[in-house]
Amino acid sequence: PGAAFGAAGAAARAALVVRYARSIGLTTSTDAGEQRPTDLSSLSVGASWRTAPFSAAGVVVTPSLAYRSERLAVRPALPGLADQALTGVEVRVGFALRATGGLTLLAAAAYVHWMEAGGLVGDSDALFPAGSAYGLEAEAGLDLRVAGPVSLRVVGEYGTTRYALDPDPAGLRSADGARDTALGGRVGVRIAL
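Small disclaimer: the values here were computed from a predicted structure and weren't measured. (Residues numbered from 1 in each chain as written. Predicted model: local features only at pLDDT ≥ 70, side-chain atom pairs only at ≥ 80, totals over all residues. Heavy atoms only, no water.)

**Some words on the overall build of the protein**
Each helix and strand counted, the protein has 0 helices and 10 strands in total. Secondary structure elements in the protein, listed N-terminal to C-terminal, are β-β-β-β-β-β-β-β-β-β. Projecting the C-alpha coordinates of the protein onto the three principal axes gives extents of approximately 60 × 35 × 25 Å. Looking at the protein as a whole, 31% of its 193 residues qualify as buried. Within the structure as shown, the protein displays about 11,600 Å² of accessible surface, and the carbon and sulfur contribution to it stands at 63%. Computed over 17 positive and 17 negative side-chain charges, the inter-centroid distance for the protein is 13 Å. (Helix = DSSP H or I, 4+ residues; strand = E, 2+ residues; numbered from the N terminus. Buried < 20%, exposed > 50% of the residue type's maximum accessible area, 1.4 Å probe, protein only. Areas by Shrake-Rupley, 256 points an atom, 1.4 Å probe, with all protein chains shown as cover. Lys, Arg positive; Asp, Glu negative; His and termini not counted. Charge placed at Lys NZ, Arg CZ, Asp CG, Glu CD.)

**Some remarks on the environment of Asp-125**
With respect to the helices and strands, Asp-125 occurs in the loop between β7 (103–118) and β8 (131–147). Here the alpha-carbon distance between Asp-125 and Asp-83, two residues 42 residues apart in the chain, equals 9.9 Å.

**Quick word on the nonpolar core**
Residues Leu-86, Val-112, Trp-114, Ala-117, Leu-120, Val-121, Leu-127, Phe-128, Ala-133, Tyr-163 and Leu-165 constitute the largest nonpolar core, which totals 11 residues. Looking at this core, the element that brings in the most residues is β7, giving 3 residues. Here Ala-133 is in contact with His-113, Trp-114, Ala-117, Thr-161, Arg-162 and Tyr-163, once residues within four sequence places are set aside. (Core = buried A, V, L, I, M, F, W, Y, C linked by side-chain atoms within 4.5 Å. Contact = heavy atoms within 4.5 Å.)

**Things to note about the environment of Glu-116**
Looking at where Glu-116 falls in the secondary structure, it is placed in strand β7. Looking at Glu-116, the relative accessible area reads 53%, which means it is exposed. Measuring from C-alpha to C-alpha, the distance between Glu-116 and Ala-85 comes to 7.6 Å, with 31 residues separating the pair along the chain. If we ignore the near neighbours within four places in the chain, the residues touching Glu-116 are Ala-85, Leu-86 and Thr-87.

**With respect to a positive patch on the surface**
A cluster of basic residues, Arg-50, Arg-98, Arg-145 and Arg-190, forms a positive patch on the protein surface. One can find Arg-145 in strand β8. (Patch = residues over 30% accessible without salt bridge, like charges linked within 9 Å, V, L, I, M, F, W, Y side chains within 5 Å. Salt bridge = Lys/Arg side-chain N within 4 Å of Asp/Glu carboxyl O.)

**Quick word on unusual backbone geometry**
For the peptide bond that leads from Arg-75 to Pro-76, omega is -10°, which places it in the cis range. Of note, Pro-76 is situated in the loop between β5 (59–74) and β6 (84–98).

**Notes on the pattern of salt bridges**
Going through the model one piece at a time under the given rule, you end up with 13 salt bridges. As a salt-bridge pair, Arg-68 and Glu-90 come within 2.6 Å of each other at their nearest N and O atoms. Of this pair, Arg-68 sits in strand β5 while Glu-90 sits in strand β6, placing them 22 residues apart in sequence. Summarising the burial analysis for this pair, Arg-68 and Glu-90 share the class buried.

**Side note on a nonpolar patch on the surface**
A grouping of Leu-97, Leu-105, Leu-142, Leu-144, Val-146, Leu-152, Val-154, Val-187, Val-189, Ile-191 and Leu-193 is seen on the molecular surface, where their side chains present a nonpolar patch of about 1,000 Å² in accessible area. Broken down by secondary-structure element, the contributors of at least two residues to the nonpolar patch are β8, β9 (150–165) and β10 (177–191). Secondary-structure assignment places Ile-191 in strand β10. Overall, Ile-191 belongs to the exposed group, its relative accessible area being 55%.

Here it is, written out as structure tokens:
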């Protein structure tokens, strides 16, 4: 938060937020059973504002706005399976509830408006000439203080991206929509400054 840099008032609750994730050991199975290496990465850069509207109850609410990018690529590429290259704007709200002295319960929800969905819609190599996409995400977990400013954070995640696809004028592909869904989790160490 801005307080770490000498900010006062509302600016003390503002923060720069950077999130990066990358897959490790992810593969895609072909119809023939071949496993192909797959790279999945996500980058989010934005700002958040931390507020405690229910401070007596120990509830902290953190809305944020960010630029978001996701990439998915299978190598070597599979015919008919587009690499994913999404860029857009993410609106997220996080909640933290201090349950006991060292345990905090966490939850968050996000909406992502994908402005570009390269590979699947719109660009010269896309499978469909036009369309749109949006994402919905939810996460829940806990933060357990280990010692001083150090805590262990465990979070489960659910996300879905939905696509509305315009018809292929050549008639080679026929779909009016698609959906990607992911279920996962993360474990991390957090140091509060």
